[in-house]
Amino acid sequence: MKKHQRLFGGWLCLLLLLLVFHACGSGNGRTDAYKDVKQDTNHIIIQVKDSTLYGVAGDCGMSTFCLITDDGDTILVSRNSEDGTYGTIIGDLNLGNRFCLTPSPDKTFLLQAINLTQLMEFLPNCRVLNGKVFLPGSNRERADTLTILSLSADSLVYCDHLGKKYICR
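Calculation notes
- Counting restarts for each chain: residues are numbered from 1 in the order of the written sequence.
- In view of the model being predicted, local features appear only for residues whose pLDDT reaches at least 70, and side-chain atom pairs are presented and counted only at 80 or more, with totals across whole chains, interfaces and linings using the full set of residues.
- To obtain the side-chain values, all non-hydrogen atoms of the structure were included, while hydrogens and water were left out.
- To qualify as a helix, a DSSP run of H or I must reach at least 4 residues; to qualify as a strand, a run of E must reach at least 2; elements of each kind are numbered from the N terminus.
- Each residue is placed in one exposure class: buried if its accessible area under a 1.4 Å probe, protein chains only, is under 20% of its type's maximum, exposed if it is over 50%, and partly exposed if it falls in between.
- In what follows, a contact means two residues having at least one pair of non-hydrogen atoms within 4.5 Å.
- Calculation of accessible area relied on Shrake-Rupley with a 1.4 Å probe; when residues are assessed, cover is drawn exclusively from the protein chains displayed.
- Here the nonpolar core consists of buried residues drawn from Ala, Val, Leu, Ile, Met, Phe, Trp, Tyr and Cys, with membership extended through side-chain atoms lying within 4.5 Å.
- Paired strands, in this sense, are two strands between which DSSP finds at least two bridges.
- Interaxial angle, 0 to 180 degrees, is taken between N-to-C directions of lines fitted to C-alpha atoms, where a helix line uses only the stretch in contact.
- For the charge count, each Lys or Arg is scored as positive and each Asp or Glu as negative, with His and the chain ends excluded.
- The rule for a salt bridge is simple: a side-chain nitrogen of Lys or Arg has to be within 4 Å of a carboxyl oxygen of Asp or Glu.
- For this analysis, a polar contact is any N or O atom pair within 3.5 Å, provided that within protein one partner can donate a hydrogen and the other can accept it, and provided that sequence-adjacent residues contribute only side-chain to side-chain pairs.

Caption draft 1: How the structure looks around the overall build of the chain. Along the backbone of the chain there are two helices and 13 strands. Burial status across the chain gives 30% buried among its 169 residues. Restricting the contact set of the chain to residue pairs at least 6 apart, pairs at least 24 apart contribute 37%. Within the structure as shown, the chain displays about 11,900 Å² of accessible surface, and the carbon and sulfur contribution to it stands at 57%.

Caption draft 2: Region of the structure containing the nonpolar core. The biggest cluster of nonpolar side chains holds 16 residues, and the ones touching the most others in it are Ile-114, Leu-119, Leu-123, Val-133, Ile-148, Leu-151 and Leu-156. Once residues within four sequence positions are removed from consideration, Leu-119 is found in contact with Ile-114, Cys-126, Val-133, Ile-148, Leu-151 and Leu-156. Counting residues in hydrophobic clusters, the runner-up holds 10 residues, among them Leu-53, Ala-57, Val-77 and Leu-110.

Caption draft 3: Inspection of the pairing of strand β4 (residues 64-69) at higher detail. Where strand β3 (residues 53-57) meets β4, three bridges bridge the pair, whose relative direction is antiparallel. In the strand pairing of β4, Ala-57 is matched with Leu-67. Linking β3 back to β4 in an antiparallel pair, the connection comprises six residues. Here five bridges tie β4 to strand β5 (residues 74-78), and the two strands are oriented antiparallel to one another. Along β5, the bridge assignment pairs Ile-68 with Thr-74. Taking the residues between adjacent antiparallel strands as the criterion, β4 and β5 are bridged by four residues, where Gly-72 takes a positive phi near 95°.

Caption draft 4: Looking closely at unusual backbone geometry. A positive phi angle, near 60°, is found at Lys-107, a position not held by glycine. Mapping Lys-107 onto the fold places it in the loop between β7 (98-103) and β8 (110-115). Lys-107 gets classed as partly exposed once you look at its relative accessible area, which sits at 49%. Residues other than glycine seldom take positive phi values, yet Asn-130 does so here, at roughly 55°. Mapped onto the elements, Asn-130 comes out in the loop between β9 (127-129) and β10 (132-135). By relative accessible area, Asn-130 is classed as partly exposed at 29%.

Caption draft 5: How the structure looks around the sheet that holds strand β6 (residues 88-90). An order of β5-β4-β3-β7-β8-β6 is seen for the six strands of this open sheet, with the pairing classed as mixed. The open sheet has two edge strands with one neighbour each: β5 and β6. The sheet shows a mean angle of 35° between the axes of neighbouring strands, direction not considered. Examined bridge by bridge, β3 and β7 share four bridges and lie antiparallel to one another.

Caption draft 6: Structural detail: the side chain of Arg-79. As for its placement among the helices and strands, Arg-79 is situated in the loop between β5 and β6. Of the side chains with opposite charge, Asp-59 comes closest to the buried, unpaired Arg-79, at an N-O distance of 8.9 Å. A polar contact is formed between the side chain of Arg-79 and the backbone oxygen of Gly-61, at a distance of 2.9 Å. Within the structure, Arg-79 has its side chain in polar contact with the backbone oxygen of Thr-64 (distance 3.1 Å). Non-local contacts of Arg-79, meaning those with residues more than four positions away in its chain, are made with Cys-60, Gly-61, Met-62, Ser-63, Thr-64, Phe-65, Thr-85, Tyr-86, Gly-87, Ile-89, Leu-93 and Leu-110.

Dropping the structure here:
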């Protein structure tokens, strides 16, 4: 009887192992969150899918934010969530200015909006990905993630990843 139990256990382990390999698919390890993976001799570069919405600010109200996307869709979200948390608007809210919008997962309220028209005046080579602002590095240095402290028509104040504060006028 014990021989049959061991044989059954061995087959069961083999079946589970085959199921695990089958669940992995082709084994490339990619998920929907990744758009592309590139590899050279020294680095692996993972390009992440950007979930940020881009467009121009439409007619916004006191409690709403309107974005007319690059695709021509009109997105209208509440500036605060159901729990009372207010979304962040970085820069001045000017009708017709270019913005990037990070909405809540259900696209009902604003998490963050950045006035790209104003930001590009101070940092023309920056990039926004998933609501984060990156300043590209030079000579194989890594890109720097910025935290914007304030943005207006006449100034930009931000910190780099080390916490060093910069003021642009």
